[in-house]
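Working through the structure, step by step
For reference, the chains in residue letters:
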Amino acid sequence: RIIGMLENTDKIAISMSGGLDSSLLTYLLCKEISDKKQNTKIYPLHGIDNTRPTSPENIQNIINFLRKSFPKVEINNMLTWDNTKDYKTPKSVKDSDGIKKWCLEYKIRYIYQGRTANPPKEVLDNFGGFYQEERSHNNKRPTKEHIRPFNAYLIRPWANVDKKYIYEQYKKYDLLDTLEPLTWSCIAYAEETNFFNEPCKECYWCKEKYWGFKKY
């Protein structure tokens, strides 16, 4: 859920990957800010992987759509850092450092992420796995956690729901022909995707999207 999870604050950060979950999350937060006439500025965050150079453009297209859809909601320009794999520093550490840097600089205390639970284990087994215990189905994970190193809060409204739920939200808010086509789920590289113009249909994220949306 999103309703009721918008903090009463003048600024929030949102981790945007350009995928289905974070794009919908940003849309619904914009909608709630607009509906409540709340003076909350949104700061999109993104770690740039130079092996997938089209991601920032995809995210910018989503931001443009949101600005047009919610003209009274202030959306800051994208704040970025480098998270290209280099075999020295894990991407997760780069992302944590990037988020911390911008949240400290802009004094942001609430960070939203759209991460969902994995499909049920029997579904994962059918399309090759990628099982993660921390994202296993129907766990009762907390949706709000304190980040002690810089006294902020990480909010994951969809920590306990999966892609089928996300599909229903796209359908409910009539976004299947508007926002969804702007998103990109596939994580394969240029050679497998016709330079990021066609999903590979083989990676975990392609299969997960097909399970939830019946399309790649």
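Structural data are supplied above this passage.
Okay, so let's go over this structure. Everything numeric in this text was worked out from a predicted model, so none of it was measured. (Residues numbered from 1 in each chain as written. Predicted model: local features only at pLDDT ≥ 70, side-chain atom pairs only at ≥ 80, totals over all residues. Heavy atoms only, no water.)

**What to know about the nonpolar core**
Counting residues in hydrophobic clusters, the biggest one holds 32 residues, and the most contacted among them are Ile12, Ile14, Tyr27, Ile42, Tyr112 and Tyr170. The element that contributes the greatest number of residues to this core is helix H1 (residues 20–36), accounting for eight residues. The residues contacting Ile42, other than those within four sequence positions of it, are Ile12, Ile14, Cys30, Ile33, Val73, Glu74, Ile75 and Asn76. Counting residues in hydrophobic clusters, the runner-up holds 14 residues, among them Trp81, Ile108, Ala152 and Leu154. (Core = buried A, V, L, I, M, F, W, Y, C linked by side-chain atoms within 4.5 Å. Buried < 20%, exposed > 50% of the residue type's maximum accessible area, 1.4 Å probe, protein only. Helix = DSSP H or I, 4+ residues; strand = E, 2+ residues; numbered from the N terminus. Contact = heavy atoms within 4.5 Å.)

**Quick look at the pattern of salt bridges**
A side chain with one charge can pair with a side chain of the opposite charge if their charged atoms come near. A complete count under the given rule lists 13 salt bridges for this structure. Asp49 is the partner of Arg52 in a salt bridge, and the nearest nitrogen-oxygen pair spans 2.9 Å. Arg52 gets classed as buried once you look at its relative accessible area, which sits at 17%. The shortest N-O distance in the salt bridge between Lys209 and Glu180 comes to 2.7 Å. With a gap of 29 residues between them, Lys209 in helix H6 (residues 204–213) and Glu180 in the loop between helix H5 (163–172) and H6 connect regions that are remote in the sequence. Salt bridges linked by common partners bring Asp21, Lys163 and Glu208 together as one network. (Salt bridge = Lys/Arg side-chain N within 4 Å of Asp/Glu carboxyl O.)

**Observations concerning the environment of Lys215**
The residue Lys215 is located in the segment after H6 in this model. As a C-alpha pair, Lys215 and Arg109 span 106 residues in sequence and 36 Å in three-dimensional space. What Lys215 contacts, discounting residues up to four positions off in sequence, is Glu180, Lys209 and Tyr210. Only 2.9 Å separates the side chain of Lys215 from the side chain of Glu180, close enough to count as a polar contact. (Polar contact = N/O pair within 3.5 Å; in protein donor to acceptor, adjacent residues only side chain to side chain.)

**What to know about the packing of aromatic side chains**
In the structure shown here, the tally under the stated rule is nine aromatic pairs. Residues Tyr170 and Phe213 carry aromatic rings whose centres are separated by 5.5 Å and whose planes lie at 75° to one another, so their mutual orientation is edge-to-face. Note that Tyr170 is positioned in helix H5 and Phe213 in helix H6, a separation of 43 residues in sequence. Phe213 shares its class with Tyr170; the two are buried. Here the aromatic residues Tyr43, Trp102 and Tyr106 are joined through ring pairs into a cluster of three or more. Over the face of the ring belonging to Trp102 we find Lys101, whose NZ or CZ atom lies 3.5 Å from the ring centre. (Phe/Tyr/Trp six-rings, centres within 6.5 Å; stacked < 30°, edge-to-face > 60°. Lys NZ or Arg CZ within 6 Å of the ring centre and 35° of its normal.)

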